[in-house]
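Below are the chains, spelled out letter by letter.
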Amino acid sequence: MTRLWADRWSGAKSGVLDRRLISRIPWSAIRRIGQSRLLSLTIVVPFLGSVILFNQAVVDVLTLSPDLVRRWLHLDGQAEQVRAVAHSLTLSRLYYVYFGLSFLGFGSSLFALFCPTIVKDHSSATHFQTTEINLASKPRVHILLGDAAREAYFWDWESEENHIVTFKTSLVVRRAGSPTDFNVLFHRVVREIYAEWCRRNPESAEDHSDYYDVRGIPDPWKIGCAIAFPRHRPETFFADEMLDASYDEATRADVLALAYMAYDNTKPVLRVWTVTFYALGFGLLLIPTVQTFYAVLRSLVV
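Residues numbered from 1 in each chain as written. Predicted model: local features only at pLDDT ≥ 70, side-chain atom pairs only at ≥ 80, totals over all residues. Heavy atoms only, no water.

A. Seen up close, the packing of aromatic side chains. Tallying each qualifying case throughout the model produces 14 aromatic pairs. Put simply, the rings of Phe103, Phe106, Trp273 and Phe277 touch in pairs and so form one group of aromatic residues. The side chain of arginine 252 reaches across the aromatic face of tyrosine 247, ending 4.2 Å from its centre. (Phe/Tyr/Trp six-rings, centres within 6.5 Å; stacked < 30°, edge-to-face > 60°. Lys NZ or Arg CZ within 6 Å of the ring centre and 35° of its normal.)

B. Quick peek at helix H9 (residues 125-132). All of the buried residues along H9 are Ala125, Phe128, Gln129 and Glu132. Angularly, the buried residues of H9 cover 100° about the axis, an arc narrow enough to put them on a single face. The exposed residues of H9 that point more than 90 degrees off its buried face are Thr126 and Thr130. Taken together, the buried residues of H9 touch helix H8 (117-121), helix H10 (138-155) and helix H15 (249-264). (Buried < 20%, exposed > 50% of the residue type's maximum accessible area, 1.4 Å probe, protein only. Helix = DSSP H or I, 4+ residues; strand = E, 2+ residues; numbered from the N terminus. Arc of directions from axis to C-beta. Contact = heavy atoms within 4.5 Å.)

C. Looking closely at helix H12 (residues 180-200). For H12, with 21 residues, the first-to-last C-alpha span of 30 Å sits near the 30 Å given by 1.5 Å per residue. Among all positions in H12, only Phe182, Asn183, Phe186, Val189, Val190, Ile193, Tyr194, Glu196, Trp197 and Cys198 are buried. At its buried positions, H12 is contacted by H10, helix H13 (220-228), helix H14 (233-246) and H15. (Expected span 1.5 Å × (residues − 1).)

D. Summary view of the pattern of salt bridges. Counting across every chain of the model gives five salt bridges. Arginine 231 is paired through a salt bridge with glutamate 235; the nearest N and O atoms lie 3.6 Å apart. In this structure, a network of salt bridges that share partners links the residues Glu192, Glu196 and Arg199. (Salt bridge = Lys/Arg side-chain N within 4 Å of Asp/Glu carboxyl O.)

E. Inspection of the packing of H12 against H14 at higher detail. Packing of H12 against H14 leaves a shortest axis separation of 9 Å and a crossing angle of 100°. In terms of orientation, H12 and H14 fall into the roughly perpendicular class. For the pair formed by H12 and H14, the contact residues are Val190, Ile193, Tyr194, Glu196, Trp197 and Arg200 on the first element and Phe238, Glu241, Met242, Asp244, Ala245 and Ser246 on the second. Class assignment for the residues of the contact of H12 with H14 results in seven nonpolar, one polar and four charged. (Axes fitted to C-alpha atoms, helices over the stretch in contact; angles between N-to-C directions. Parallel < 35°, antiparallel > 145°, perpendicular 65-115°, else oblique. Nonpolar A, V, L, I, M, F, W, Y, C, P; charged D, E, K, R; others polar.)

F. Representation of the nonpolar core within the structure. Counting 46 residues, the largest nonpolar core has Phe182, Ile223, Phe238 and Met242 as its most contacted members. Ranked by residues supplied to this core, first place goes to H15 with nine residues. (Core = buried A, V, L, I, M, F, W, Y, C linked by side-chain atoms within 4.5 Å.)

G. A look at a nonpolar patch on the surface. A grouping of Val44, Phe47 and Leu48 is seen on the molecular surface, where their side chains present a nonpolar patch of about 320 Å² in accessible area. When you line up the elements, phenylalanine 47 lands in helix H4 (residues 45-53). By relative accessible area, which is 65% here, phenylalanine 47 ends up exposed. (Patch = residues over 30% accessible without salt bridge, like charges linked within 9 Å, V, L, I, M, F, W, Y side chains within 5 Å. Areas by Shrake-Rupley, 256 points an atom, 1.4 Å probe, with all protein chains shown as cover.)

In structure tokens, the structure reads:
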């Protein structure tokens, strides 16, 4: 019985992880909210919100009309009691507003601090390609491909036993956040760059069988690993030659798109926290709105 429940739990866990829910919230998706100028102002709310929202003058101005409260709640008490109820309802709504704006401020802070600059400046990989294609120098393309290779190495959670670098991020997070579209594009781009390198160096291609898989074809993971983390002098030379080949006109645009997607999927844990804070913030702000809507609707119907 215990084994049966363990198998069910393992199957359910694998099913959730294989949906790759974290990969569905890249920085570019959060950017639509994080780049809002209005939301960026909420960063100051956790520090100044209590002074602003709970100032007595502000509370007096925002206090709900006792007549409306009497009508909404069908109260028959004294005017002083109704005013007390109105004041209490106002404070409860201010609490929701304060904590809602505070959570939005926390989310905006994480976005401002940790979202990659490339994603902040460009809304999509296509926009980044269009802007950079005629400006990107060879050294910059080298850096972008190297960063993309390191990200691909990070997301290759299935080859954990072969990794030469230990990551602090848990295997569960990496599996749930592994971006399929980025991994597919990375493998295809690396194969194309390797093919370009072979065309340039036909006499050296056979000397690099270490980068082939068991089927005798180039292994993008091994090639990408050499680009990201060259471990010895021959591998460093090979990585440099691969980086030079990446500047070819046929693959340069793909390298730019690959780099954007790599930056777009960085820092999965911080992305989850950012989205969580935004969701909590909007949820808390929605509560008084729903309460007011229900109260008005109820007063009209009853």
